[in-house]
Amino acid sequence: MSFYKEKLDKARLPKHIAIIMDGNGRWAKERGYDRIFGHQNGVTSVREITEAAAEIGIEYLTLYAFSTENWGRPQPEVEALMELLIDTIEKETPSLNQNNIRLMAIGDLSRLPDYAREKLQRCIDQTSQNSGLTLVLALSYSSRWEITNALKNICEGVQSGKYNIDDISDKLISDHLTTKSIPDPDLMIRTSGEERVSNFLLWQIAYSELYFTQTHWPAFRKDNFYQAIYEFQQRDRRFGK
Ligand code: IPE
Ligand code: IPE
Ligand code: MG
């Protein structure tokens with residue numbers, strides 16, 4: 001049943017959609033299960049929404065899968081999340097290829113366990129030639145980590161004489177972020193009712209449209225996604241003009 005899909009203006013689709021996939025724990029708790037069960041069911045939503053994005057021709061989909069702050073969760077949850085993420089990536093590689101989807105990752109991947117980083121890299125390499133949807137996983141990611149790194153790199157460039165202070169521009173900063181090859185999100189979605197950004201793409205969402213929904217991530221389905229795009233298309237983006 002897809003009601004909103006038919007209502008979309010295919011000529012005005014957002015190029016890049018970013019999603020804060022929140023509410024796995026609450027979804028599970030409401031059903032009397034533990035949080036991990038919520039994460040497991042969240043994978044179904046990842047599959048559905050990736051497919052939905054590819055189906056209508058979205059160019060970039062960025063999913064916030066694990067934040068820098070999430071390392072501070074109880075160790076068993078962190079381990080379960082890591083395993084789930086990596087197992088899924090490995091299992092889904094053939095279907096990413098079948099659907100012409102390219103995988104990328106942003107975040108401090110040096111903090112991932114070796115086995116996880118290697119499997120992730122394998123999937124990135126094996127899908128790098130695909131020309132359809134680019135699926136960007138934000139893993140061990142936070143915006144302040146990213147901006148701090150960019151600042152360090154730019155300062156080094158100034159110190160070594162590669163840049164002058166006057167070369168520092170909006171564009172130079174963007175080019176030092178992990179998202180340098182990716183356009184800014186047009187639309188940012190957060191599920192599960194919380195209306196905050198939680199250290200996600202702070203620089204990049206300067207003019208993004210924000211969409212919040214009560215639906216928990218494991219219950220988020222294609223038509224919820226198309227509804228968010230539909231609402232986006234009703235808005236008037238003025239960019240300060
Ligand atoms: C989102 O669900 C998944 C991650 C942050 C990895 P949560 O685990 O934050 O679930 P809630 O917000 O506690 O319900
Ligand atoms: C944001 O969700 C991070 C991800 C979805 C990966 P959190 O559940 O960690 O954020 P807070 O703690 O509610 O701000
Ligand atoms: Mg949460």
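The structure this text deals with has already been given above.
Scope of this entry: the structure provided in the associated data block.

Calculation criteria
Residues numbered from 1 in each chain as written. Chains lettered and ligands numbered in written order. Predicted model: local features only at pLDDT ≥ 70, side-chain atom pairs only at ≥ 80, totals over all residues. Heavy atoms only, no water. Helix = DSSP H or I, 4+ residues; strand = E, 2+ residues; numbered from the N terminus. Contact = heavy atoms within 4.5 Å. Near = heavy atom within 4 Å. Polar contact = N/O pair within 3.5 Å; in protein donor to acceptor, adjacent residues only side chain to side chain. 1 Å grid on protein atoms, 1.4 Å probe; cavity = no way out; pocket = protein on both sides within 12 Å on 5 of 7 lines; lining within 4 Å. Sits in = over half its atoms within 2 Å of the grid points. Nonpolar A, V, L, I, M, F, W, Y, C, P; charged D, E, K, R; others polar. Salt bridge = Lys/Arg side-chain N within 4 Å of Asp/Glu carboxyl O. Buried < 20%, exposed > 50% of the residue type's maximum accessible area, 1.4 Å probe, protein only. Points joined across faces, edges and corners; volume = space filled by probe spheres on them.

Tracing the sequence through the fold places Thr215 in the loop between β6 (209-212) and α7 (222-233). Between the C-alpha atoms of Thr215 and Arg122, which are 93 residues apart in sequence, the distance is 33 Å. Excluding residues that lie within four positions of it along the chain, Thr215 makes contacts with Thr191, Ser192, Phe220 and Asn224.

A few words now on the site of ligand 1. Close contacts around ligand 1 come from Met21, Asp22, Gly23, Asn24, Gly25, Arg26, Arg35, His39, Ala65, Asn70, Arg73 and Leu81, and that covers them all. Arg26 is positioned with one of its side-chain polar atoms (N or O) 2.7 Å from an oxygen atom of ligand 1. Most atoms of ligand 1, that is more than half of them, are within 2 Å of grid points of the largest pocket. Secondary-structure elements contributing two or more residues to the shell around ligand 1 are α1 (24-30) and α2 (35-56). A total of three residues in the shell around ligand 1 trace back to one element, the largest contributor, which is α1. Of the residues in the shell around ligand 1, the class split is three nonpolar, five polar and four charged.

This next bit is on the pattern of salt bridges. Counted according to the given criterion, the structure contains 19 salt bridges. Between Glu77 and Arg35 there is a salt bridge; the shortest N-O distance is 3.2 Å. Residue Glu77 is found in helix α3 (residues 75-98), and its partner Arg35 is found in helix α2; the two are separated by 42 residues along the sequence. Among the residues examined, Glu77 registers a relative accessible area of 6% and is labelled buried. Two residues, Asp236 and Arg238, come together in a salt bridge whose shortest N-O distance is 3.0 Å. With relative accessibility at 53%, the residue Asp236 sits in the exposed group. Among the charged side chains, a network of salt bridges with common partners joins Asp22, Arg26, Arg190, Glu194 and Arg196.

A few words now on the site of ligand 2. Neighbouring ligand 2 are Ile20, Met21, Asp22, Tyr64, Ala65, Phe66, Ser67, Asn70, Arg73, Arg190, Arg196 and Ser198. The separation between an oxygen atom of ligand 2 and a polar side-chain atom of Asn70 is 3.0 Å. Within the side chain of Arg190, an N or O atom sits 3.3 Å from an oxygen atom of ligand 2. For ligand 2, the cavity whose grid points lie within 2 Å of the majority of its atoms is the largest pocket. Ranked by residue count, the leading element in the shell around ligand 2 is strand β2 (residues 60-67), at four residues. Taken together, the residues of the shell around ligand 2 sort by class into five nonpolar, three polar and four charged.

The computed volume of the largest pocket comes to approximately 940 Å³. Met21, Val46, Tyr64, Ala65 and Trp217 are, among the 44 residues lining the largest pocket, the residues nearest its centre. Counting residues per element, the ones that place at least two in the lining of the largest pocket are α1, α2, β2, α3 and β4 (134-141). Sorting elements by how many residues they give to the lining of the largest pocket places α2 first, with 10 residues. Residues of the lining of the largest pocket, tallied by class, amount to 18 nonpolar, 13 polar and 13 charged.

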